[in-house]
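Here's the letter readout for the chains.
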Amino acid sequence: MEKKFAPSHLDIKAFAQAEGELDDASPLAQWPRLNQEQVAGGEAPGDVRWRLRGRSEPVAGAADEIWLDLAAEVDLPMQCQRCLKPVLSTVLAERSFRFVADEATAAALDDEAEEDILVLSRDFDALALVEDELIMALPLVPRHEVCPEAVTMAVSDPDVDAAQERPHPFAALASLKKPSSA
């Protein structure tokens, strides 16, 4: 009989030992923090698609290492930082996590390990991890490859041009300076 695993209450060790796999797609509205990142008025967001795979890696002379591989993707409408219009950004997250027995071990290994180290749990919320990874994978500056409308790069405020033509307020002080005797 195959064991059923719930992604929001995942026993990581059992999932890895069973070489479990979970995947799903759900509407963006079910991911509250990620949902806040979208901009209104753009294309409809895509579903959040995710996949989790547990694995156990043998280690000579020690207990097997527990791993969780995560892959997630969503098409998220964001605001283009160039033209300020909505742009549909594909956000991808792929990470592998190694699980250890306690916080002290995780802290000791974290600096030297290339992979992310997390603490083993029998009630791990893998969906929160999926959401965290997608949020961290958001583009810092979302923008179109080519904006749909020409972007105005000039200043249209006449006061700015007038400010550039005014003399510098300390320019008169230069004339008050006594000439140095050579």
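Structure shown above.
In this text the structure is predicted, and so the values were computed from the model without any measurement.

## A short note on the pattern of salt bridges
Okay, step 1: In this structure the tally under the stated criterion is twelve salt bridges.
Okay, step 2: Salt-bridge contacts for Glu-57 lead to Arg-55; the nearest nitrogen and oxygen are separated by 2.9 Å.
Okay, step 3: For Glu-57, a relative accessible area of 30% gives the class partly exposed.
Okay, step 4: With a shortest N-O distance of 3.3 Å, Glu-65 and Arg-98 are connected by a salt bridge. Highlighted residues: Glu-65 in strand E3 (residues 62-79) and Arg-98 in strand E4 (residues 86-100), separated in sequence by 33 residues.
Okay, step 5: With a relative accessible area of 11%, Arg-98 lands in the buried category.
Okay, step 6: Within the structure, one salt-bridge network assembled from shared partners comprises Arg-53, Arg-55, Glu-57 and Asp-69.

## Points about unusual backbone geometry
Okay, step 1: Phi is positive for Glu-19, close to 50 degrees, though the residue is something other than glycine.
Okay, step 2: For Glu-19, the location among the structural elements is in the loop between helix H1 (12-17) and strand E1 (21-26).
Okay, step 3: By relative accessible area, which is 59% here, Glu-19 ends up exposed.
Okay, step 4: Positive phi, normally seen in glycine, also occurs at Leu-84, with a value near 65 degrees.
Okay, step 5: Here Leu-84 is to be found in the loop between E3 and E4.
Okay, step 6: Residue Leu-84 is classed as exposed on the basis of its relative accessible area, which comes to 54%.

## Brief notes about helix H4 (residues 126-136)
Okay, step 1: By the burial criterion, the buried members of H4 are Ala-126, Leu-129, Val-130, Glu-131, Glu-133 and Leu-134.
Okay, step 2: Where H4 is buried, its residues touch helix H2 (32-35), strand E2 (48-59), E3, E4 and strand E5 (116-119).
Okay, step 3: Residue Asp-125 occupies the N-cap position of H4, its side-chain oxygen lying 3.2 Å from the main-chain nitrogen of Leu-127.

Parameters at a glance
Residues numbered from 1 in each chain as written. Predicted model: local features only at pLDDT ≥ 70, side-chain atom pairs only at ≥ 80, totals over all residues. Heavy atoms only, no water. Salt bridge = Lys/Arg side-chain N within 4 Å of Asp/Glu carboxyl O. Buried < 20%, exposed > 50% of the residue type's maximum accessible area, 1.4 Å probe, protein only. Helix = DSSP H or I, 4+ residues; strand = E, 2+ residues; numbered from the N terminus. Contact = heavy atoms within 4.5 Å. Polar contact = N/O pair within 3.5 Å; in protein donor to acceptor, adjacent residues only side chain to side chain.

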